[in-house]
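Here is how the chains run, residue by residue.
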Amino acid sequence: MSAIIVDGKAVAAELRAELTSQVAAMTAAGSAPPSLAVVLCGDDPASAIYVRNKGRAAERAGVRFTLHRPRAESTTDELVALVGTLDADETIDGILVQLPLPKQIDQDAVMACISPEKDADGFHPYNFGRLAEGHPAVVAPGTPLGCMELLRRSDMQLQGSRAVVIGRSAIVGRPLALMLTNADATVTICHSRTRELAAVCREADILVSAIGRPRMVDASYVKPGAFVIDVGTTPQDGVVVGDVDRESVEPVAGWLTPVPGGVGPMTIAMLLRNTLALARARRGLAQV
Ligand code: NAP
């Protein structure tokens, strides 16, 4: 057996095309297009590339994109003032502050200026709380949303399945475990203190690795036929390497999301979906 390699690039392109039509339909019906404001502070080259890609994807989908570039030496007060102004601006539907912020900035204080109704990244504690309560939230973090979409579009049966998520961060592991729980999977969250990690993982019909340890997850972690999602991305010798040892896992798994080209491309598509969802909610339109 050899795993089906899940083409995240193709799924993300399909999704962006759907979102583009939804934005076009919304504007054709007389609404202003969704608008996304991004704050990029500092000189991190990776952040600059992410933001450029987000901007391009937004513009192609018909989402109005504005970039704010406060200088790298900005203070917390200056960023709080900027994000507060964007939050109060009625023409803006979604705000994203690209992380990490420079060290001198109190990240929590800045993020707290984004209201739940403009939370394009889905990181706001209110939106996280809705997810934790099992309510459908308007927005949620893009990377776990992307994982769920890959599962759904691969027709994976979630109800009653056993899922194991390695990693418990607030932006990937925890929200993904909640989304899987809300989709009626039985979920175990693992982390750096988990005993017998490989044995726990071998129980999974759906195994997600979101740890950032290159090629750590090999065939000994994988139940034959499992759906394996590799979220990990670690730069190594000029390339991006996932958590999953593809050579070892591919002959055992049923499905495998590759790195690159698996979960990564989905994250931006989900940011656009979040922005459209916020715009619809702010205009009193039903979600699509
Ligand atoms: P993070 O905040 O560093 O969390 C890593 C998690 O992995 C922690 O819960 C940690 O456990 C756990 N962990 C670390 N080493 C482990 C080990 N040896 N065994 C078991 N668990 C271990 O990272 P993150 O932000 O969630 O990101 C995780 C990975 O996904 C990174 O490689 C990141 O680059 C990637 N990522 C990719 C995308 C994308 O779009 N493709 C988006 C976001 C993140 P403790 O809690 O016990 O420390």
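In this text, all values refer to a predicted model and were calculated from it rather than measured experimentally.

## What to know about the overall build of the chain
Item 1. A count of helical and extended segments in the chain gives ten helices and eleven strands.
Item 2. In terms of C-alpha radius of gyration, the chain reaches 19 Å, essentially the compact-globule figure of 19 Å for 288 residues.
Item 3. Principal axes of the C-alpha set define a box for the chain whose edges measure 55 × 45 × 35 Å.
Item 4. Considering the chain as a whole, with its 288 residues, one finds that 47% of them fall into the buried category.
Item 5. Contacts in the chain between residues at least 24 apart in sequence constitute 72% of all its contacts with a sequence separation of at least 6.

## A few points about the site of the ligand
Item 1. For the ligand, the set of nearby residues contains 20 residues, the closest of which are Arg168, Ser169, Ser192, Thr233 and Thr267.
Item 2. Note that an oxygen atom of the ligand is positioned 3.5 Å from one of the backbone N or O atoms of Val231.
Item 3. Expressed as a share of its isolated accessible area of 920 Å², the protein-covered part of the ligand is 70%.
Item 4. Its residues assigned to classes, the shell around the ligand shows eight nonpolar, ten polar and two charged.

## Some details on helix H10 (residues 264-282)
Item 1. Taking 1.5 Å of rise per residue, the 19 residues of H10 would be expected to cover 27 Å, and the 28 Å separating its terminal C-alpha atoms lies within 8% of that figure.
Item 2. All of the buried residues in H10 are Met266, Ala269, Met270, Leu271, Leu272, Asn274, Thr275, Leu276, Ala277, Leu278, Ala279 and Arg280.
Item 3. Those residues of H10 that are buried are in contact with helix H1 (8-28), strand S2 (35-39), helix H2 (45-61), strand S4 (94-97) and helix H6 (142-153).
Item 4. At the exit of H10 stands Gly284, carrying a positive phi of roughly 70 degrees.

## Observations regarding the pairing of strand S5 (residues 162-166)
Item 1. Buried residues dominate S5, accounting for four of its five residues.
Item 2. Sheet analysis places S5 next to strand S6 (residues 186-190), joined by five bridges and oriented parallel. Directly across from Ala163, in S6, lies its bridge partner Val187.
Item 3. The parallel pair S5 and S6, bridged by helix H7 (residues 173-182), forms a crossover whose chirality is right-handed.

## Observations concerning the pairing of S2
Item 1. With respect to burial, S2 is a largely interior element, five of its five residues being buried.
Item 2. Where burial is concerned, the two faces of S2 agree: the one with Ser35, Ala37 and Val39 and the one with Leu36 and Val38 are both buried.
Item 3. Bridge count between S2 and strand S3 (residues 64-68): five bridges; the pairing is parallel. The partner of Ala37 across the bridge, within S3, is Thr66.
Item 4. Crossover S2 to S3 through H2 is right-handed.

## Section: the environment of Gly55
Item 1. Its location among the elements puts Gly55 in helix H2.
Item 2. Judged by its relative accessible area of 5%, Gly55 is buried.
Item 3. Measuring from C-alpha to C-alpha, the distance between Gly55 and Lys9 comes to 17 Å, with 46 residues separating the pair along the chain.

## Thoughts on the sheet that holds S4
Item 1. Spatially, the three strands line up as an open sheet ordered S3-S2-S4, and their pairing is parallel. Because the sheet does not close on itself, it has two edges, and the strands there are S3 and S4. Averaged over all pairs of adjacent strands, the angle between strand axes in this sheet comes to 20 degrees, irrespective of strand direction.

Thresholds applied
Residues numbered from 1 in each chain as written. Predicted model: local features only at pLDDT ≥ 70, side-chain atom pairs only at ≥ 80, totals over all residues. Heavy atoms only, no water. Helix = DSSP H or I, 4+ residues; strand = E, 2+ residues; numbered from the N terminus. Rg over C-alpha atoms; globule rule 2.2 N^0.38 Å. Buried < 20%, exposed > 50% of the residue type's maximum accessible area, 1.4 Å probe, protein only. Contact = heavy atoms within 4.5 Å. Near = heavy atom within 4 Å. Polar contact = N/O pair within 3.5 Å; in protein donor to acceptor, adjacent residues only side chain to side chain. Areas by Shrake-Rupley, 256 points an atom, 1.4 Å probe, with all protein chains shown as cover. Nonpolar A, V, L, I, M, F, W, Y, C, P; charged D, E, K, R; others polar. Expected span 1.5 Å × (residues − 1). Pairing = 2+ DSSP bridges. Right-handed = clockwise from strand over helix to strand, strands pointing away. Axes fitted to C-alpha atoms, helices over the stretch in contact; angles between N-to-C directions.

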